[in-house]
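Examining the three-dimensional arrangement
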Amino acid sequence: MSTPTATAGTRPALRSGVDLGTTVGDLGRLAVRGLRRESRRLDALFVNLALPVGIMVIFVYVFGGAITTGASGLRYIDFVVPAVLLLSAGYGAALTAANVAEDVNGGMIDRLRSLPISSWVVPASHVIASVVRNTVTAGLALIAAVALGFRPHATVGDWALVLALVSGYVLALSAIAVVWGLAVRSTQAAEAFSFIVLFLPYLSDGFVPAETMPSVLRGFAQHQPITPLVETARALLLDQPIGNAGWLAAAWLTAAVVISVPVAAVLFRRRTT
Amino acid sequence: MDEAAIQAQGVTKSFGPTRVLTGVDLTVPAGTLVALLGPNGSGKTTTVRILTTLLAPDGGSATVAGHDVRREGAAVRRSIGLTAQHNSVDDLLTGRENLELFAGLHHLSGPKGRRRAAELLERFDLAAAANRRVGTYSGGMRRRLDLAASLVAAPPILFLDEPTTGLDPRSRVELWSVIRELLAAGTTIMLTTQYLEEADRLADRIAVINNGRIVADDTPDALKHQVGTERLLLVLARPQDLHRAAPLLATQADRAGPGPQLDADTGELMMAIRHPDELRQALVRLHQAGIGVAQVELRAPTLDDVFFELTKVAA
């Protein structure tokens, strides 16, 4: 043969024979691809740009007048902003399921897998693109909120924690979305994940105080993961005591990532071989 | 260069209870083009997917560029380009962005990748459409971009899975000339196709695959000789003459094995013709025996004919 025949294992290598620096570069290249794709899809742009502003407006002006914030004594806009932040970012993160499904069901995956790259980079790049995109979306929602009268009281440290919380939430949801996207057979079924993610926050302490719900729903609302996430964000943004919500939120997010990443890896391997 | 670029021995693969490959043996010498010819479901794509490390074989062994496809997948992937059957470029990116992405994933440096992308766009006549999204491309343009994407790293070995299926005749001829150029530049190519004509025009050797097994592996000329270059279709004036006509023509067809095929309902008789003289002889013999011919038709052998002949010989 006229070509150099480098064999695997002549240098420190991952499973695929690609070194770590190169793999990080590949992740970046594919994440940029993911972001470019999203920037060219009208539906994705709507979800990422118009939806957060729209939801913020609806809750503050349409529902806000009729909802009391119960024992918290907060203005409704202050009460609801953390939930809208998470709702907007989460809905965008759920789109990761459809993006992954599209790659796996289409012809693109064959091309990507015949390249000298580690194959797990493909779903991982969707997660990275999602974190970037939806953290920006949450930022937009926040700007809209401030324009509508939201007045946060947070230190720089608090803001850093809010950023970590939102991007951690997007990371966890995107990782779960990858699992969903790989588990279902079609892109349409993958899109259904968005609806679950869209409705889950409503059954939390985020939009109305859980104490106003009937007992069964209240039990669910008080114990589902969105509630400690919202309570943590609220405490950070409004300078209130966090209680154990912060630890609970961190535990939920960590658990989601730790469980879904290996499941996604196994599913990806199974779907693509 | 006497080493085989692609070698498969006894490769088997099943999906659940379905045995897709029952033992594929295949050799592609470096710098040559081997066409894997077969109908839908014969195992062409599965063979390509195994050789390009997309699928693990159940049994047998295969090496590509001297590397075992199972144990040295990364090394194999560094030596190959693949144009899969379905479009495998990103519709939402432009042609240029696609090529630059793949150049990056082949770990060409930024400037080098951009140069390579520009070069390929020029060569595949896509420069004018370079900054348009692939979603707006025609079928032929997409296919060319797909092929260009397989070439960013200038791989010594190229796999083309049904590269011209679904293309209009002009795009097909264009793609053929590109494939010939690549071959002339020293690339080893394995191409799958359903079209005998395509295999005939491009390949140094044709491997015919049927039911997951290579049933013939020879030069196009040798295969055509075996199958017959033309099919002669005769419709007799009176169908009841068929049983008299068949033996007259069988002696002539004997040299290549299978005799003429008969259809008693329609009075049709079909046989292979290897030389124009054989057509004349056939008509003279029928005329001398007083058998009237209503219709004479010559046609190129189809893939069906190839399989009919080859499976008959094998049986």
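Residues numbered from 1 in each chain as written. Chains lettered and ligands numbered in written order. Predicted model: local features only at pLDDT ≥ 70, side-chain atom pairs only at ≥ 80, totals over all residues.

**Brief notes about the overall build of chain A**
Just so we agree on the cut-off: Put simply, DSSP marks the helices as runs of H or I at least four residues long and the strands as runs of E at least two long, and each gets a number from the N terminus on. Between the two quantities, the radius of gyration covers C-alpha atoms and the globule rule is 2.2 Å times the number of residues to the power 0.38. For the exposure call, what matters is how many other C-beta atoms sit within 10 Å of a residue's own: 20 or more marks it buried, 12 or fewer exposed, and in between partly exposed, using C-beta atoms placed from the backbone. For every residue pair, C-beta atoms are placed from the backbone, and the pair is scored as a contact if these atoms sit within 7 Å.
Helix and strand counts for chain A stand at 11 helices and zero strands. Helices and strands in chain A line up, N terminus first, as α-α-α-α-α-α-α-α-α-α-α. Expected size for 273 residues packed as a compact globule is a radius of gyration near 19 Å; at 21 Å, chain A falls within 12% of this value. Once the C-alpha set of chain A is aligned to its principal axes, its extents read approximately 75 × 35 × 35 Å. When each of the 273 residues of chain A is scored for burial, the buried share is 46%. Taking the intrachain contacts of chain A between residues at least 6 apart in sequence as the baseline, contacts between residues at least 24 apart amount to 80%.

**With respect to the interface of chain B and chain A**
The line we're drawing: Residues were grouped as follows: Ala, Val, Leu, Ile, Met, Phe, Trp, Tyr, Cys and Pro as nonpolar; Asp, Glu, Lys and Arg as charged; and all remaining residues, including Gly, as polar.
Of the residues lining the interface, 31 residues belong to chain B; the matching set on chain A comes to 28 residues. Of all elements in the fold, only helix 2 (73-79), strand 6 (80-83) and helix 3 (95-105) of chain B reach the threshold of two or more residues within the side of chain B that touches chain A. Broken down by element, the side of chain B that touches chain A gets its largest block of residues, five residues, from helix 2 of chain B. The residue makeup of the side of chain B that touches chain A, split by class, is 16 nonpolar, nine polar and six charged.

**Some words on the domain arrangement of chain B**
Defined as follows: Residue ranges for the domains originate in an automatic or database domain assignment.
The domains assigned to chain B are domain 1 (4-224) and domain 2 (230-299). Computed over C-alpha atoms, the centres of domain 1 of chain B and domain 2 of chain B are 41 Å apart.

**A look at the nonpolar core**
As a reminder, the rule being used: In this description, a nonpolar core means buried residues of the types Ala, Val, Leu, Ile, Met, Phe, Trp, Tyr and Cys, linked to one another by C-beta atoms lying within 7 Å.
Counting residues in hydrophobic clusters, the biggest one holds 99 residues, and the most contacted among them are V84, L85, L86, A97 and Y169 of chain A. Looking at this core, the element that brings in the most residues is helix 3 (residues 76-105) of chain A, giving 19 residues. Ignoring sequence-local partners within four residues, the contact set of A97 of chain A consists of A177, W180, G181, A190 and F193 of chain A. Formed by 63 residues, the second largest nonpolar core is a distinct cluster that contains V24, A35, I50 and V64 of chain B.

**Brief notes about the sheet that holds strand 13 (residues 268-273) of chain B**
Residue and element names in this part refer to chain B. The cut-off we apply is this: When DSSP locates at least two bridges between a pair of strands, those strands are taken to pair. Every axis in this analysis is a line fitted to C-alpha atoms, fitted for helices over the stretch in contact. Angles between the N-to-C directions lie between 0 and 180 degrees.
Spatially, 12-13-11-14 is the arrangement adopted by the four strands of the open sheet, whose pairing is antiparallel. Looking at the sheet topology across the chains shown, the edges are occupied by strand 12 (261-263) and strand 14 (293-299). Across the sheet, the mean angle separating the axes of adjacent strands is 20° when strand polarity is ignored. Here strand 11 (residues 230-236) pairs with strand 13 via six bridges, running antiparallel.

**A few points about helix 6 (residues 169-184) of chain B**
All names here are of chain B. Note the threshold: A helix's residues, less one, multiplied by 1.5 Å, set its expected span. Picture the helix axis, draw a direction to every C-beta atom, and the arc is the one those directions span.
Under the 1.5 Å per step criterion, the end-to-end length of helix 6 is 23 Å for 16 residues, consistent within 8% with the ideal 22 Å. Of the positions making up helix 6, those classed as buried are L175, I179 and L182. Buried residues of helix 6 fall within an arc of 55° about the axis and therefore sit on the same side. More than 90 degrees from the buried face of helix 6, the exposed residues found are P169, R170, V173, S177, E181 and A184. Each element contacted by the buried residues of helix 6 is listed here: helix 5 (139-150), strand 7 (157-161), strand 8 (188-193) and helix 7 (196-202). Residue G186 follows helix 6 closely and has a positive phi angle near 105°.

**Digging into the confidence of the model for chain A**
Residues and elements named next belong to chain A. Heads up, the rule is: Scored from 0 to 100, pLDDT records how confident the predictor is in each individual residue.
Across chain A, pLDDT averages 85, with 93% of residues at or above 70. The least confident element of chain A is helix 2 (residues 42-63), whose mean pLDDT is 84; the most confident is helix 6 (residues 156-183), at 94. Low pLDDT (under 50) marks residues 1-16, which in the prediction has 32 contacts with non-local residues, meaning those over four places away or in another chain.

**Comments concerning the packing of helix 3 of chain B against helix 5 of chain B**
All names here are of chain B. Our working definition: These descriptions rest on fixed angle ranges, namely under 35 degrees for roughly parallel, over 145 for roughly antiparallel, 65 to 115 for roughly perpendicular, and the rest for oblique. The sense of a crossing depends on the near helix, which, turned anticlockwise from the far helix by less than a right angle, makes the crossing left-handed and, turned clockwise, makes it right-handed.
Interaxial distance between helix 3 and helix 5 falls to 9 Å at its minimum, and their mutual angle equals 20°. Our classification of the angle between helix 3 and helix 5 gives roughly parallel. Along this stretch, helix 3 crosses helix 5, giving a crossing that reads as right-handed. Taken together, the residues of helix 5 that come into contact with helix 3 (itself represented by G95, N98, L99 and F102) are L145, A148 and A149. Looking at side-chain class alone, the contact of helix 3 with helix 5 contains five nonpolar, two polar and no charged residues.

**Quick notes on the environment of L248 of chain B**
All names here are of chain B. With respect to the helices and strands, L248 occurs in helix 9 (residues 242-253). Given 16 C-beta atoms within 10 Å, L248 falls into the partly exposed group. Each C-alpha atom of the pair L248 and I273 lies 15 Å from the other, and the pair is 25 residues apart in sequence. Non-local contacts of L248, meaning those with residues more than four positions away in its chain, are made with R285, L286 and A289.

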